[in-house]
Amino acid sequence: MRIVFAGSPAAAVPSLEALSRSHEVALVVTRAASPQGRKRVLTPTPVAAAAERFGLPVLEANRLDAAATEAIAAVGASLGVVVAYGGLVREPLLSTPEHGWVNLHFSLLPAYRGAAPVQRALVAGEHDTGVSVFRLVPELDAGPIVRMVASSVPPLATAGDLLTELAASGADALVEAVDAIADGSATFVEQTGEPSFAPKLELADGRLRLDEPAAVVLDRFRGVTPEPGAHVLLAGERVKVLALARSAADPLPAGTARLVGKDAVLGTATGALALGEVQPAGKQAMRAADWLRGRGGEVVLDA
């Protein structure tokens with residue numbers, strides 16, 4: 001089947017690669033190159049870089065406006081496929097391909113509709129997750145489903161870890177869906193149940209509230225790692241938390257970080273967590289134990 005593929009981040013690359021092996025990808029649509037890193041080097045999206053490796057034509061567009069719609073229509077694709085493109089597909093583009101558009105979403109719809117399903121699910125402490133392939137409709141992530149694959153959340157997985165897993169399983173589900181659409185065997189089933197929503201996380205969502213139970217703190221850490229990143233505050237300044245895990249250490253007062261032997265331990269409302277690596281404002285990442293050692297072995301973080 002001749003398709004147009006819209007995607008931007010690394011999580012979309014497995015889907016593009018899988019589809020390019022089994023179908024004709026007539027055009028890849030992705031967001032424009034943007035400044036990245038401390039030196040702000042203009043860098044193409046991971047999907048753009050992958051498309052170049054695969055020898056596929058690329059259209060860079062941050063909005064699917066009239067010009068993008070015209071360019072997409074010109075390739076004569078039978079189906080549009082979206083995987084984390086970062087923009088909305090509206091009419092008349094929504095109806096331009098013969099078979100419309102399908103979207104790979106990293107949740108079991110209608111749970112966690114929106115931009116950050118993996119992150120929000122981990123913050124909420126979910127144990128089950130999965131992927132859904134559905135037909136795009138004007139309402140956000142509300143279209144009928146053609147493929148759904150459930151999976152368990154690995155106990156220690158961060159959002160980055162889980163997204164990598166779901167990107168791989170989702171690519172397989174997406175190819176199965178496109179195959180079925182191509183041969184006419186696809187069945188779309190309307191979503192059922194009460195939807196929940198997963199808006200994009202902001203920097204403030206990464207703050208760890210240490211007056212909460214240890215399990216809740218750890219779930220938030222996992223959900224915001226690597227983006228937007230977990231942090232605590234010390235005298236009003238952000239200290240990034242890069243590694244956090246369960247600990248068998250004796251409880252500490254909530255908000256206290258203390259050097260216990262050779263280990264850094266962080267107090268929460270119900271017990272201790274092992275603080276592995278931090279990055280204080282304006283400094284390089286370092287072992288949390290070294291950071292505490294330089295501060296006399298103990299700090300009390302902002303409430």
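Residues numbered from 1 in each chain as written. Predicted model: local features only at pLDDT ≥ 70, side-chain atom pairs only at ≥ 80, totals over all residues. Heavy atoms only, no water.

With the exception of glycine, the majority of residues adopt a negative phi angle, and the majority of peptide bonds are in the trans configuration. The omega angle of the peptide bond from L109 to P110 is 15°, so this bond is cis rather than trans. If you trace the backbone, P110 turns up in the loop between β7 (101-105) and α4 (117-123). The omega torsion across E227 and P228 is 0°, close enough to zero to call that bond cis. Inspection of the secondary structure assignment puts P228 in the loop between α6 (214-223) and β10 (230-234). In this structure, A84 is a non-glycine residue whose phi angle is positive, near 55°. Here A84 shows up in the loop between β6 (79-83) and β7. Of note in the backbone geometry, Y112 takes a positive phi value of approximately 60° without being a glycine. As for its position among the elements, Y112 is in the loop between β7 and α4. (Helix = DSSP H or I, 4+ residues; strand = E, 2+ residues; numbered from the N terminus.)

The next point concerns helix α3 (residues 66-74). Within the sequence span of α3, burial applies to A68, T69 and I72. All buried residues of α3 lie within an arc of 100° about the axis, which places them on one face of the element. Turned more than 90 degrees away from the buried face of α3, the exposed residues are A66, A67, E70 and A74. Tucked into the core, α3 has its buried residues touching β1 (2-7), β2 (24-30), β5 (58-60) and β7. Where α3 begins, the side chain of D65 points an oxygen toward the backbone nitrogen of A67, at a separation of 3.3 Å. Once α3 ends, the next one or two residues include G76, with phi positive near 65°. (Buried < 20%, exposed > 50% of the residue type's maximum accessible area, 1.4 Å probe, protein only. Arc of directions from axis to C-beta. Contact = heavy atoms within 4.5 Å. Polar contact = N/O pair within 3.5 Å; in protein donor to acceptor, adjacent residues only side chain to side chain.)

On to a nonpolar patch on the surface. Together, L88, L140 and F197 line one region of the surface with nonpolar side chains, adding up to about 300 Å² of accessible area. Mapped onto the elements of the fold, F197 is located in the loop between α5 (159-183) and α6. Judged by its relative accessible area of 49%, F197 is partly exposed. (Patch = residues over 30% accessible without salt bridge, like charges linked within 9 Å, V, L, I, M, F, W, Y side chains within 5 Å. Areas by Shrake-Rupley, 256 points an atom, 1.4 Å probe, with all protein chains shown as cover. Salt bridge = Lys/Arg side-chain N within 4 Å of Asp/Glu carboxyl O.)

This brings us to the sheet that holds β6. Read across the sheet, seven strands follow the order β5-β2-β1-β6-β7-β8-β9 without closing on themselves; strand pairing throughout is mixed. Two strands close off the open sheet at either side, each with one partner strand: β5 and β9 (145-152). Going across the sheet, the axis of each strand differs from the next one's by a mean of 15°, ignoring polarity. Both β7 and strand β8 (residues 128-135) contribute to a ladder of four bridges, which runs antiparallel. Directly across from V102, in β8, lies its bridge partner R135. (Pairing = 2+ DSSP bridges. Axes fitted to C-alpha atoms, helices over the stretch in contact; angles between N-to-C directions.)

By themselves, these observations are geometric and do not establish any function.
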